[in-house]
Amino acid sequence: MTNQAGRSRGDLYDSVYERREAAGENVHGEADFIMALEPSSVLDAGCGTGRIGRELARRGLRVTGVDIDPEMLETARRKSPEASWIRHDVTLVQLADRFDAVLMAGNVINFVQPDRRSLAIANMATHIIPGGLLIDGHRLNETEVQPADYDKWAAASGLALVSRWSTWQRDPFDASSDFAVSVYRKA
């Protein structure tokens, strides 16, 4: 679906990051963070337009993106045909591949229906190789998923917290943080 200007919702979303990058801002903090963990394969869960997954693929990683929004995926497929983009629900998708890392960035967990959030974590955990990582980044406020809840769901899914920061640039996390970037390892 396109708007009056002939641009899809996915393209409009991406245009914000394109303008920021053109102005000199590093819009690839998430990709920088992931690359420092040295995975060779990433499942970008709730990938949207594939902004992060596209950058990871450009840097040489094997990327599969999953999202439920067809317009966002249309943008991802057009801008990065070398990656695999799948329309599906992160709580239900069952892929044959297993990954070094599963990325849930951009408030993915906050968009999942509250009664299905633990299911989303459990399902994503099944897609991680032993020793692999689940990386989550999401906004925190009183109406959104809190780290203690995420930690509980992760532990029930066989994942142990490795580290937590307040930004993709690894700023320290504390009780006043309004964003959490958490890394969990699968046993």
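No experiment lies behind these values; they were computed from the predicted model shown.

1. Focus on the overall build of the protein chain
For the protein chain, the helix and strand inventory stands at seven helices and seven strands. Along the protein chain, from the amino end to the carboxyl end, the secondary structure elements read α-α-β-α-β-α-β-β-α-α-β-α-β-β. Here the C-alpha atoms of the protein chain give a radius of gyration of 16 Å, agreeing with the 16 Å that 2.2 N^0.38 yields for 187 residues. Taken along its principal axes, the extent of the C-alpha atoms in the protein chain is 45 × 40 × 35 Å. Expressed as a percentage of its 187 residues, the buried residues of the protein chain come to 51%. A separation of at least 24 residues holds for 64% of the contacts in the protein chain among residues at least 6 apart in sequence. Of the accessible surface of the protein chain, which amounts to about 9,000 Å², a share of 53% is contributed by carbon and sulfur atoms.

2. Focus: the sheet that holds strand β4 (residues 99–104)
An order of β3-β2-β1-β4-β5-β7-β6 is seen for the seven strands of this open sheet, with the pairing classed as mixed. Of all strands in the sheet, those with a lone pairing partner are β3 (84–87) and β6 (159–165), marking the two edges. When the angles between neighbouring strand axes are averaged without regard to direction, this sheet yields 20 degrees. Across three bridges, the pairing between strand β1 (residues 41–45) and β4 is parallel. Bridge assignment links V42 to a residue of β4, and that residue is A101. In this fold helix α4 (residues 70–79) packs onto β2 (62–67) and β3, with an angle of close to 170 degrees to the strand it touches most, β3. Its contacts with the sheet place helix α6 (residues 117–125) against β1, β4, β5 (128–139), β6 and β7 (179–186), and it is angled at close to 145 degrees to β5.

3. Focus: helix α1 (residues 9–22)
The end-to-end C-alpha separation of α1 is 20 Å, in line with the 20 Å expected for 14 residues at 1.5 Å each. Listed as buried for α1 are G10, D11, D14, S15 and Y17. Each element contacted by the buried residues of α1 is listed here: α3 (51–58) and α4. Note on α1: the residue one or two positions beyond its end, G24, has a positive phi of about 100 degrees.

4. Quick notes on the side chain of D11
On the secondary structure map, D11 appears in helix α1. Aside from chain neighbours lying at most four places away, what touches D11 is T75, R78 and K79.

5. Some points on the packing of aromatic side chains
Following the criterion strictly, the structure yields five aromatic pairs and no others. Where Y13 meets Y17, the ring centres are 5.5 Å apart and the plane angle is 50 degrees; that geometry is what we call tilted. With a gap of four residues between them, Y13 and Y17 both fall in helix α1, about one helical turn apart. On the basis of relative accessible area, Y13 is assigned to the partly exposed category, the value being 37%. Under the relative-accessibility criterion, Y17 is labelled buried at 18%. An angle of 80 degrees between the planes, with centres 5.4 Å apart, marks the rings of F33 and W165 as edge-to-face. Residue F33 is located in helix α2 (residues 29–36), and its partner W165 is located in strand β6; the two are separated by 132 residues in the primary sequence. Each member of the pair, F33 as well as W165, carries the same accessibility label: buried. Cluster of aromatic residues (ring-pair linked, three or more members): F33, W165 and W168.

6. A word on α2
All of the buried residues in α2 are G29, E30, A31, F33 and I34. Those residues of α2 that are buried lie in contact with β1, α3, β4, β5, β6 and β7. Immediately downstream of α2, the backbone of E38 shows phi near 60 degrees, a positive value.

What counts and what doesn't
- Residues numbered from 1 in each chain as written.
- Predicted model: local features only at pLDDT ≥ 70, side-chain atom pairs only at ≥ 80, totals over all residues.
- Heavy atoms only, no water.
- Helix = DSSP H or I, 4+ residues; strand = E, 2+ residues; numbered from the N terminus.
- Rg over C-alpha atoms; globule rule 2.2 N^0.38 Å.
- Buried < 20%, exposed > 50% of the residue type's maximum accessible area, 1.4 Å probe, protein only.
- Contact = heavy atoms within 4.5 Å.
- Areas by Shrake-Rupley, 256 points an atom, 1.4 Å probe, with all protein chains shown as cover.
- Pairing = 2+ DSSP bridges.
- Axes fitted to C-alpha atoms, helices over the stretch in contact; angles between N-to-C directions.
- Expected span 1.5 Å × (residues − 1).
- Phe/Tyr/Trp six-rings, centres within 6.5 Å; stacked < 30°, edge-to-face > 60°.

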